Amino acid sequence: MVEDLSILDRKANPPDLTLTYGKELDQVADVRYGLRGAQLPLVVVVHGGFWKPQYDRAHAEAMSSALAQAGWTVLTLEYRRVPGQPDATLDDMAQALAALPAKVEQHNGKLLLLGHSAGGHLVLWAAARRAAPQLQGVIALAPAADLRLAHRLQLSEGAVQRFLGVDPAERPDADPMRLPAPAVAVSIVQGALDQVVPPAVAHSYCGAFPETRLVELADTGHFALIDPATRAWPVVVEELRRLSARIF
């Protein structure tokens, strides 16, 4: 299918606040407060872009703004994306989740992670590493969940090896498939027509971790999952509502 890429450049409401969690330029996160934020978990949005430096949190503006309008307080995370230096990215995930939630007002003290594509890989990694004690659930949208398979498929012309700097077999610690099962509820939302991160990757992860909830959407590609103007978006919101309800 032909992907609609307009979401990558779409602007939305500016953040209410930008926080830092380190001294590096990319160690920042945007906060948008939701009308029901005090009653709901904090949603941490982790953008995708195959870990490439040219893709940053700007393309997650529209989804973050839509989630805040739907009620949640949203923290949109930026992180270092340096080819061949995966530990910078992984360390940023761990450091941000340890430091930032306590600095954000208007949430109930619980945490949900929502990541797309490479961001889906990162939220699954964080869940497996138990990076935040407040974490109650994870939603991964078309995640690069199995790095070895994504490498064999040569997604984005070898994005996995560019990210890791080595064959993924040499970095099992970076691969959610080679880590313990998350101790929290995990949902994967996957477009059946996604050619950027095809359904086989999500299926592989769910085969290894059968407790994972898989929601596969017909006639849906890769970017529709982060676009509030698509028919796929209400499914994403409903998964967040479902995980939010599990907490109470």
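Our structure's up above, just so we're on the same page.
Residues numbered from 1 in each chain as written. Predicted model: local features only at pLDDT ≥ 70, side-chain atom pairs only at ≥ 80, totals over all residues. Heavy atoms only, no water.

A. Representation of the packing of aromatic side chains within the structure. Enumeration according to the criterion identifies three aromatic pairs in this entry. Site record: aromatic cluster; members linked through ring pairs are Phe-50, Trp-51 and Phe-163. (Phe/Tyr/Trp six-rings, centres within 6.5 Å; stacked < 30°, edge-to-face > 60°.)

B. Spotlight on helix α3 (residues 118-128). Taking burial as the measure, the eleven residues of α3 include eleven buried ones, the bulk of the element. Along α3, the residues that are buried comprise Ala-118, Gly-119, Gly-120, His-121, Leu-122, Val-123, Leu-124, Trp-125, Ala-126, Ala-127 and Ala-128. Following α3 by one or two positions, Arg-130 adopts a phi angle in the positive range, close to 50°. (Buried < 20%, exposed > 50% of the residue type's maximum accessible area, 1.4 Å probe, protein only. Helix = DSSP H or I, 4+ residues; strand = E, 2+ residues; numbered from the N terminus.)

C. Just the pairing of strand β3 (residues 42-46), in detail. Burial analysis of β3 places five of its five residues in the buried class, the great majority of the element. Residues Leu-42, Val-44 and Val-46 point to one face of β3 and Val-43 and Val-45 to the other, with burial holding for every one of them. Bridge count between β3 and strand β5 (residues 111-116): five bridges; the pairing is parallel. From the neighbouring strand, Leu-42 faces β5, where its bridge partner is Leu-111. One ladder, built from four bridges, connects β3 with strand β4 (residues 74-77); its direction is parallel. Bridged to Val-45 within β4 is Thr-76. Since β3 and β4 lie parallel, the crossover through helix α1 (residues 61-69) that links them has a hand, and here it is right-handed. (Pairing = 2+ DSSP bridges. Right-handed = clockwise from strand over helix to strand, strands pointing away.)

D. The side chain of Thr-212, seen in detail. Within the secondary structure layout, Thr-212 lies in the loop between α6 (199-208) and β8 (213-217). Overall, Thr-212 belongs to the buried group, its relative accessible area being 11%. Within polar-contact distance, the side chain of Thr-212 engages the backbone oxygen of Phe-209 at 2.8 Å. (Polar contact = N/O pair within 3.5 Å; in protein donor to acceptor, adjacent residues only side chain to side chain.)

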